[in-house]
Every structure is written in C-alpha cells, then in structure tokens.
Amino acid sequence: METEAELTRRGRSAPGTGEERPRSAFGRASARSLARRGLRALPTWRGAAVLGVLCTVFLLLLSNFVVQPFLIPSKSMEPTLQVGDRVLVNKLAYRFGSQPRRGDVVVFDGTGSFVQEPAAENRLTGLVRGAASTLGIGEPSDTDFVKRVVGVGGDDVVCCDAGGRIKVNGTPVDEPYLYPGDTPSKVPFRIVVPLGTLWVMGDHRSQSRDSRDHLGEPGGGMVPVEKVIGRADWIGWPVARWGTTGPRGGGAAGGGHG
C-alpha cells in the first residue's frame, strides 16, 4: 500500500521527463501577477518617448500660432532687452484686425527690407535650426529682427528737432526707453511711412542697424506689416528679469494708427 509521501513524490515531475508539475492556485495567480507587472514595465521607455514627442509637437504648435519664445542675440534693444533674454512674442496681438502701434516692440521677418536674399542653407540643418529657434532654445533666424515701432503708415517722421528729438507728424516724441547717453539719432532723416509699412528703430540707437541703415535699399527700410511675426510683450527668461517690455502704443499724436 502506497503511503501519502509516495503519492506526493509520484505527483511531481521526474527530472528530465518533461512532465509538468501541478501548481497550486496561489502559485498560478502569483505567476500571472508577475507577468502582468513585467508587461507593464516593459514599454515604460516607449511611453516616455511618445510623451516627449507629444510635448514637443504641442510646444511647436503653441510657438507657431500663439506665443513664441525669441532669443535676443544683440545689444540693439538695450536697455529694454538684453543679450540672452528670452522674450515671449504674442502672435495673436495683430491676428484679429489690430495693427502695430507706435511704441510696440515687434519681431518681424526682415526678408525684402533688412535682408534682400536669405543665405542658402542645408534643408535638414534649416529644419533643426528652425525648430530650435521656434522653441527659443537656439539662435533666431538670420532674417528675424526685433525693433521698436517709431512710425506707422502715413506718419511723417523727422530727425531731429532743435532739442534733438524725433518728431512724428510735427510732434516731438518722448523716448524714455533709449539707452542712457544715446541720442535719438545721429543720422538726420525725413520720411513719410507708406501705408501698410512700419518705420522701426532699436532702443540702443548707436548699436542698432534699423530702418535708418536701409534707406537707400529696396524697400527703403520700411517693414511691411504683413511681415510682422508678433509683438514682444514679456520677458520670460532669465527669472530675475521677468516682466513686460514696457508701455506700448506711445509716441506722437496725429496720423496713422496712434
């Protein structure tokens, strides 16, 4: 007669026979639990990659249509904007019929006004650079500029009056944003801004190549309103400089979009 111990031994698989040993319900449940946990852990890196791609796409869409970070590469807008600042460009500012006003700080595509022919660039390199620029982590395009609007369509802009100030439509302009020690302009000029264009200048006049420097070129230094990318409303980085870019829509009264 077989003892209980012999029956137990017979129920187990003999080594090398390929026979499956019976498992308890608890053992099977534990194995299933471990398998499920393993399957969940396996695609974690894939999930992180997908999440990263989705975040990047979201930021690119946000930058293209709503707010774009823009890296300040030069001293031309000091003291308002300093080298290394990241400004947030409001792309909705002029989207619904509004027009740039005197005093606005704008980012624009200077092709045809400040730059006649953009430099040729490898397509892949251009895409990577463009994406980095759009996200505000790389240098802006060579054709993108940031300046302050001094005159809008229809304005008569003159430099300078007896007090050394720029006059717009016969009225002297108060420019508290000028770099300390700079004059409004060392280059005398008088222009009437064509409708649909802007006359723009940097706040650091002695360090700025702006509309004054392109008077004799095609376009006469005027920036078409349609080339304006947006209004630079806020400084987003560095943290110590958080804030707006200052009062907008100032300047002389009379004529244009005041």
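Before reading further, recall that the structure is shown in the block above.
Residues numbered from 1 in each chain as written. Predicted model: local features only at pLDDT ≥ 70, side-chain atom pairs only at ≥ 80, totals over all residues. Heavy atoms only, no water.

**Brief notes about the overall build of the chain**
- Across its full length, the chain holds four helices and twelve strands.
- Each of the 258 residues in the chain was classed as buried or not, and the buried ones make up 35%.
- Pairs at least 24 apart in sequence give 71% of the contacts found in the chain among residues at least 6 apart. (Helix = DSSP H or I, 4+ residues; strand = E, 2+ residues; numbered from the N terminus. Buried < 20%, exposed > 50% of the residue type's maximum accessible area, 1.4 Å probe, protein only. Contact = heavy atoms within 4.5 Å.)

**Some thoughts on the pairing of strand β3 (residues 105-109)**
- The element β3 is largely enclosed, with a buried count of four among its five residues.
- Pairing of β3 with strand β4 (residues 144-152) involves five bridges; the strand directions are antiparallel. Bridging from a neighbouring strand, Val105 pairs with Arg148 of β4. (Pairing = 2+ DSSP bridges.)

**Observations regarding the packing of aromatic side chains**
- Per the counting criterion, the structure on display carries four aromatic pairs.
- Note on Phe108 and Phe145: the rings are 5.8 Å apart at their centroids and 25 degrees apart in plane angle, and the pair reads as stacked. One end of the pair, Phe108, is in strand β3; the other, Phe145, is in strand β4, and 37 residues separate them in sequence.
- Its relative accessible area of 0% is what places Phe108 among the buried residues.
- Aromatic side chains Phe189 and Trp199 sit 5.0 Å apart centroid to centroid with 40 degrees between the ring planes, which places their arrangement in the tilted category. Note that Phe189 is positioned in strand β8 (residues 189-192) and Trp199 in strand β9 (residues 197-201), a separation of ten residues in sequence. Taken individually, Phe189 and Trp199 each receive the classification buried, so the pair is uniform in this respect.
- Members of the aromatic cluster, each reached through a chain of ring pairs, are Phe108, Phe114 and Phe145.
- Lying over the aromatic face of Tyr177, Arg148 brings its terminal NZ or CZ to 3.8 Å of the ring centre. (Phe/Tyr/Trp six-rings, centres within 6.5 Å; stacked < 30°, edge-to-face > 60°. Lys NZ or Arg CZ within 6 Å of the ring centre and 35° of its normal.)

**A look at the sheet that holds strand β5 (residues 156-159)**
- Reading across the sheet, the four strands line up as β7-β6-β5-β8 and stay open at both edges, with antiparallel pairing between neighbours. Either end of the sheet is taken by a strand with one partner, and the two such strands are β7 (171-172) and β8.
- Where strand β6 (residues 167-168) and β7 come together, two bridges link them in antiparallel fashion. When the sheet's bridge partners are listed, Val168 is paired in β7 with Thr171.

**Details of the state of the cysteines**
- Applying the stated criterion across every chain yields a total of one disulfide.
- Covalent S-S linkage joins Cys159 and Cys160, the inter-sulfur distance amounting to 1.9 Å. Around the S-S axis, the bridge from Cys159 to Cys160 shows a dihedral of about -55 degrees and counts as left-handed.
- On the basis of relative accessible area, Cys160 is assigned to the partly exposed category, the value being 29%. (Disulfide = S-S within 2.5 Å.)

**A few points about the environment of His204**
- In this structure, His204 sits in the loop between β9 and β10 (223-224).
- The exposure class of His204 is buried, given its relative accessible area of 6%.
- Setting aside residues up to four positions removed in sequence, His204 forms contacts with Lys75, Ser76, Met77, Glu78, Tyr179 and Asp182.
- Within the local environment of His204, its side chain forms a polar contact with the side chain of Glu78, the two groups lying 3.2 Å apart. (Polar contact = N/O pair within 3.5 Å; in protein donor to acceptor, adjacent residues only side chain to side chain.)

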